[in-house]
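Chain residues, written in single-letter form:
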Amino acid sequence: MKDREYSLNGYLGLVHQRKNPDTGTTVSVYHSEQAGMDASWGTKYHAVCEDHGALMGETSIARAKSAAMDSGAWCPDCVNIVKNKEKSRIDHFNDGVKGHENI
Ligand SMILES: [Zn+2]
């Protein structure tokens with residue numbers, strides 16, 4: 001059985017696109033073959049961080065969608081965004097509790 005043909009916003013193979021609230025970046029899910037991506041490792045779908053161009057191959061749409069919402073775990077630039085957010089939260093916290101920096 002052939003998969004349905006995906007296309008969204010004029011992009012062939014684009015299944016799904018939204019903003020990752022953690023990083024503020026746009027993340028997409030593509031049907032690998034239809035978008036011309038490598039599906040040879042069973043990575044039938046790809047989660048893509050559009051802002052940084054990082055890719056994550058996944059075996060199902062559901063997995064790719066949840067990976068897309070978690071780009072802070074696999075896109076190197078998103079990892080930094082999440083880290084910096086975390087850091088500024090901790091810095092802010094430490095401002096309030098001087099002397100307890102090693103919590
Ligand atoms: Zn990213």
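Residues numbered from 1 in each chain as written. Predicted model: local features only at pLDDT ≥ 70, side-chain atom pairs only at ≥ 80, totals over all residues.

**Q** Looking at this structure, I do not really get the overall build of the protein chain. What am I missing?
**A** Across its full length, the protein chain holds two helices and six strands. Relative to its length of 103 residues, the protein chain is extended, with a C-alpha radius of gyration of 17 Å against a globular reference of 13 Å. Taken over the C-alpha atoms alone, the protein chain extends approximately 65 × 25 × 20 Å along its principal axes. Buried residues in the protein chain amount to 25% of all 103 residues. Summarising the internal contacts of the protein chain: among those between residues at least 6 apart in sequence, 29% fall at separations of at least 24. (Helix = DSSP H or I, 4+ residues; strand = E, 2+ residues; numbered from the N terminus. Rg over C-alpha atoms; globule rule 2.2 N^0.38 Å. Buried ≥ 20, exposed ≤ 12 C-beta atoms within 10 Å, placed from the backbone. Contact = placed C-beta atoms within 7 Å.)

**Q** For this particular structure, what's the right way to read the sheet that holds strand β6 (residues 54-58)?
**A** The strands that make up a sheet pair up through hydrogen bonds in the backbone, lying either parallel or antiparallel. Strand order in the open sheet formed by four strands is β3-β4-β5-β6, and the pairing between neighbours is antiparallel. Of all strands in the sheet, those with a lone pairing partner are β3 (14-19) and β6, marking the two edges. Mean inter-strand twist for the sheet, computed between neighbouring axes without regard to direction, equals 20°. Taken together, the five bridges between β3 and strand β4 (residues 26-31) define a ladder with antiparallel strand orientation. Counterpart to Q17 in the pairing with β4 is S28. (Pairing = 2+ DSSP bridges. Axes fitted to C-alpha atoms, helices over the stretch in contact; angles between N-to-C directions.)

**Q** Would you explain the pairing of β4 in this entry?
**A** Regular strands show a simple pattern: their side chains alternate between the two faces of the sheet. Of all six residues in β4, five are buried, a share of seventy percent or more. In this structure, the hairpin formed by β3 and β4 is closed by a connection of six residues, where G24 is found at a positive phi of approximately 75°.

**Q** Teacher, can you tell me more about helix α1 (residues 61-68) here?
**A** The periodicity of an α-helix, 3.6 residues per turn, causes residues three or four positions apart to be oriented the same way. For α1, the full list of buried residues reads A64, A67 and A68. Projection of α1 onto a plane perpendicular to its axis shows the buried side chains occupying an angular sector of 100°, all on one side. The inward-facing, buried residues of α1 contact β4, β5 (45-49) and β6. (Arc of directions from axis to C-beta.)

**Q** Would you take a moment to explain the nonpolar core for this structure?
**A** Soluble globular proteins tend to pack their nonpolar side chains together in the buried interior. Within the largest apolar cluster, 15 residues are counted, with the highest numbers of intra-cluster contacts made by V29, Y30, A47, A64 and A68. It is β5 that provides the largest number of residues to this core, a total of four residues. Ignoring anything within four residues of it in the chain, the contact list for A47 reads V27, V29, M56, E58, A64, A67 and A68. (Core = buried A, V, L, I, M, F, W, Y, C linked by C-beta atoms within 7 Å.)

**Q** Please explain helix α2 (residues 76-96) as it appears in this structure.
**A** A rise of 1.5 Å per residue sets the reference length of α2, with its 21 residues, at 30 Å; its end C-alpha atoms lie 31 Å apart and thus fit the reference within 8%. For α2, the tally of buried residues reaches only one of 21 residues, placing the bulk of the element at the surface. (Expected span 1.5 Å × (residues − 1).)

**Q** Even after reading the chapter, I still don't get the environment of V27, so can you show me in this structure?
**A** Within the secondary structure, V27 is located in strand β4. The buried category is assigned to V27, around which 27 C-beta atoms lie within 10 Å. Placed 63 residues apart in sequence, V27 and I90 show a C-alpha to C-alpha distance of 27 Å. Among residues more than four places away in sequence, those in contact with V27 are R18, N20, A47, V48, C49, E50, A68 and S71.

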